[in-house]
Amino acid sequence: MSTIKAYTLQGHFDEIFYNALRPLQSAMKRQSCISAFVFACQFSFTYILIAITLHIGKIMMLSNEITPFDYLRVVLLTQFGANFISQLIASVSDLTRARVASENILSVMNEPPTDMDNLTDEGLRPKVIGRISLQNVEFRYPSRPIVPILKNLTIQVAPGQSVAIVGPSGSGKSSIISMFHRMYTPTKGQVMLDNYNVKSINPNYLRRVVVSVSQEPNLFSFTIKENITYGLCDDEYNMEKIIKAAKIAHIHDFITSLPNGYETEVGEFGAQLSGGQKQRIAIARAMIRDPKVLLLDEATAALDATSEKAVQTALDSVKKQCTIVHVAHRLSSIRKVDKIIVLVDGEIAEEGTHQELMASKGLYYEMNQLET
Ligand SMILES: Nc1ncnc2c1ncn2[C@@H]1O[C@H](COP(=O)(O)OP(=O)(O)OP(=O)(O)O)[C@@H](O)[C@H]1O
């Protein structure tokens with residue numbers, strides 16, 4: 001909304017909205033006419049039938065063909081019968097609607113499970129130490145199958161190692177992150193967690209051990225505490241663990257400064273928090289899961305320098321406890337990682353520590369020069 005206001009695009013979007021609603025408006029008008037007609041028929045039928053019964057009954061009673069008691073009986077029966085039939089007429093349209101709705105629901109339920117079925121109980125749940133790798137991976141997005149994004153890429157990350165992936169925009173850094181927690185599967189090659197192909201691991205379990213924090217974390221319209229613990233079973237967390245995770249993410253002091261502390265509602269999509277605060281809550285949400293592999297996709301990009309330094313210190317402290325794969329634009333944030341991979345067009349252009357890459361005076365060196 002603020003972008004629309006800032007660029008005074010209200011009129012433009014008003015028109016788009018109106019045009020989008022116009023077909024719906026005519027459909028609704030047609031449906032209202034049909035409903036009004038059915039409603040009119042339904043009630044006219046009842047009252048016309050009762051009127052006819054009363055009229056004929058009166059004539060027959062006056063000519064002594066029926067007794068007043070028979071007359072009353074017929075009138076009451078007609079009324080009940082007519083009510084019943086009119087309700088039946090009304091439920092015909094409900095039945096039609098229910099049939100269409102059930103067809104829609106069944107078509108979704110009967111959809112054959114895809115390779116990435118999140119709800120399946122199938123798959124392995126192995127104990128892993130956090131060695132993660134891409135082996136000769138080629139990847140194309142299903143919507144653009146002719147464009148290879150990752151090209152025969154091999155990356156090995158040892159348990160407890162921290163690796164940063166840097167490179168020009170569009171080189172495929174985030175796509176690698178999607179591979180690691182199986183948001184997408186490679187077109188060729190394989191993604192391994194320890195000695196297991198991630199395809200063989202239960203998707204829910206995989207995302208419990210390989211946890212990602214993205215640049216734009218989505219918070220739910222719940223309390224801070226619920227956002228941190230969302231998806232965990234009751235016996236998997238307690239207040240001590242929540243506070244520990246919040247301290248790692250450097251957000252505990254902020255949370256306790258709020259009048260309702262951890263019970264503060266964050267609003268829809270975390271509307272009542274700044275970008276940096278949302279980001280740190282998302283990091284706490286990742287840390288409470290005690291991940292074996294932590295994927296950070298520009299996770300510190302929205303933070304101010306002070307918050308970034310604080311989160312960086314926190315991430316340094318969890319180093320060695322879990323494997324970290326860090327996608328970063330700001331090169332100053334990844335100097336201390338064990339290995340830096342420079343990606344260009346879906347291929348590795350350079351690989352090494354900060355010192356090694358600076359000494360080789362290649363692309364990484366140039367990127368650093370530009371940043372400073
Ligand atoms: N869902 C998608 N469908 C089709 N193409 C996509 C999709 N997501 C990304 N791409 C394309 O894949 C390429 C690599 O994108 P990716 O986001 O992995 O790059 P990146 O290096 O992380 O970029 P940035 O640094 O700008 O975030 C880009 O050309 C992008 O347009």
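Residues numbered from 1 in each chain as written. Predicted model: local features only at pLDDT ≥ 70, side-chain atom pairs only at ≥ 80, totals over all residues. Heavy atoms only, no water.

## A few points about helix 9 (residues 275–287)
Residue pairs three or four apart in sequence face the same way in an α-helix, which turns once every 3.6 residues.
Here comes step 1: Between its first and last C-alpha atoms helix 9 spans 18 Å; for 13 residues at 1.5 Å apiece the expected length is 18 Å, and the two agree.
Here comes step 2: Helix 9 sits mainly inside the fold: 12 of its 13 residues count as buried. (Helix = DSSP H or I, 4+ residues; strand = E, 2+ residues; numbered from the N terminus. Expected span 1.5 Å × (residues − 1). Buried < 20%, exposed > 50% of the residue type's maximum accessible area, 1.4 Å probe, protein only.)

## Observations concerning the site of the ligand
Here comes step 1: Around the ligand, 14 residues are found, and the nearest of them are Ser169, Gly170, Lys173, Ser174 and Ser175.
Here comes step 2: Arg144 is positioned such that a nitrogen or oxygen atom in its side chain is 3.3 Å from a nitrogen atom of the ligand.
Here comes step 3: A total of 630 Å² of accessible area belongs to the ligand in isolation, and the protein chains cover 67% of it.
Here comes step 4: For the shell around the ligand, the residue count by class is four nonpolar, eight polar and two charged. (Near = heavy atom within 4 Å. Polar contact = N/O pair within 3.5 Å; in protein donor to acceptor, adjacent residues only side chain to side chain. Areas by Shrake-Rupley, 256 points an atom, 1.4 Å probe, with all protein chains shown as cover. Nonpolar A, V, L, I, M, F, W, Y, C, P; charged D, E, K, R; others polar.)

## A word on helix 2 (residues 10–62)
Here comes step 1: Relative to the 78 Å expected for 53 residues at 1.5 Å per residue, helix 2 spans 73 Å between its end C-alpha atoms, a close match to the ideal helical length.
Here comes step 2: Maximum bend of helix 2: about 35 degrees, positioned at Arg22, with proline Pro23 one to four residues after it.
Here comes step 3: Within helix 2 the residues assigned to the buried category are Gln42, Thr46, Ile50, Thr53 and Gly57.
Here comes step 4: Buried residues belonging to helix 2 abut helix 3 (68–109).
Here comes step 5: Phi turns positive one or two residues past the end of helix 2, at Asn64, with a value near 60 degrees. (Bend = angle between axes of the 7 residues up to and from the residue. Contact = heavy atoms within 4.5 Å.)

## Here we look at the nonpolar core
Here comes step 1: Ranked by size, the top nonpolar core spans 32 residues in total, and within it Val213, Ile228 and Leu294 carry the most contacts.
Here comes step 2: Only strand 6 (210–213), helix 6 (224–229), helix 7 (239–248), helix 9, strand 7 (293–297) and helix 10 (305–318) provide two or more residues apiece to this core.
Here comes step 3: Ranked by the residues each element gives to this core, the list is headed by helix 9, at six residues.
Here comes step 4: Once residues lying within four places of it in the same chain are set aside, the contact partners of Leu294 are Val211, Val213, Ala286, Met287, Leu315, Cys322, Thr323, Ile324 and Val325.
Here comes step 5: By size, the runner-up hydrophobic cluster in this structure holds 29 residues, among which are Val163, Ile177, Val327 and Ile341. (Core = buried A, V, L, I, M, F, W, Y, C linked by side-chain atoms within 4.5 Å.)

## Notes on a nonpolar patch on the surface
Here comes step 1: Judged by side-chain polarity, Phe17, Leu21, Leu24 and Met28 come together as a nonpolar surface patch covering roughly 410 Å² of accessible area.
Here comes step 2: Structurally, Met28 is set in helix 2. (Patch = residues over 30% accessible without salt bridge, like charges linked within 9 Å, V, L, I, M, F, W, Y side chains within 5 Å. Salt bridge = Lys/Arg side-chain N within 4 Å of Asp/Glu carboxyl O.)

## Section: the sheet that holds strand 1 (residues 132–139)
Here comes step 1: The strand order across the open sheet formed by four strands is 2-1-4-5, and the pairing between neighbours is antiparallel. The open sheet terminates on both sides in strands that have one partner only, identified here as strand 2 (150–157) and strand 5 (196–197).
Here comes step 2: Relative to strand 5, strand 4 (residues 188–193) runs antiparallel, the two sharing two bridges. Across the sheet, the residue bridging to Met192 is Asn197, located in strand 5.
Here comes step 3: The strands that helix 4 (residues 173–180) touches are strand 1, strand 2 and strand 4; relative to strand 1, the one it contacts most, it runs at about 115 degrees. (Pairing = 2+ DSSP bridges. Axes fitted to C-alpha atoms, helices over the stretch in contact; angles between N-to-C directions.)

## Quick look at the sheet that holds strand 3 (residues 162–166)
Here comes step 1: Reading across from one edge, 6-7-8-3-9-10 is the order of the six strands in this open sheet, with mixed pairing throughout. At either margin of the open sheet sits one strand with a lone partner, and together these are strand 6 and strand 10 (347–352). Going from strand to strand, the sheet's axes swing by 20 degrees on average, the running direction of each strand aside.
Here comes step 2: When strand 7 meets strand 8 (residues 323–327), the two strands line up parallel, connected through five bridges. The residue bridging Leu296 from the neighbouring strand is His326, located in strand 8.
Here comes step 3: Helix 9 contacts strand 6 and strand 7 of the sheet and is inclined by roughly 175 degrees relative to strand 6.
Here comes step 4: Sheet contacts for helix 12 (residues 363–371): strand 3, strand 9 (339–344) and strand 10; angle to strand 9, the most-contacted strand, approximately 90 degrees.

## Describing the UniProt feature "transmembrane region" (unreviewed entry) in the chain
Here comes step 1: Here the UniProt feature "transmembrane region" (unreviewed entry) sits at residues 34–56.
Here comes step 2: Summarising residues 34–56: 100% helix, 0% strand, and an end-to-end C-alpha distance of 32 Å. (UniProt positions renumbered as here; feature names shortened; annotations may be inferred.)

## Comments concerning the packing of aromatic side chains
Here comes step 1: Enumeration according to the criterion identifies six aromatic pairs in this entry.
Here comes step 2: Considering the side-chain rings of Phe139 and Tyr141, the 4.7 Å spacing of their centres and the 70 degrees angle between planes classify their relative orientation as edge-to-face.
Here comes step 3: Note on Phe139: relative accessible area 1%, which makes it buried.
Here comes step 4: By relative accessible area, Tyr141 is classed as partly exposed at 21%.
Here comes step 5: Ring centres of Phe139 and Tyr184 lie 5.6 Å apart, and the angle between their planes is 50 degrees; this geometry places the pair in the tilted category. (Phe/Tyr/Trp six-rings, centres within 6.5 Å; stacked < 30°, edge-to-face > 60°.)

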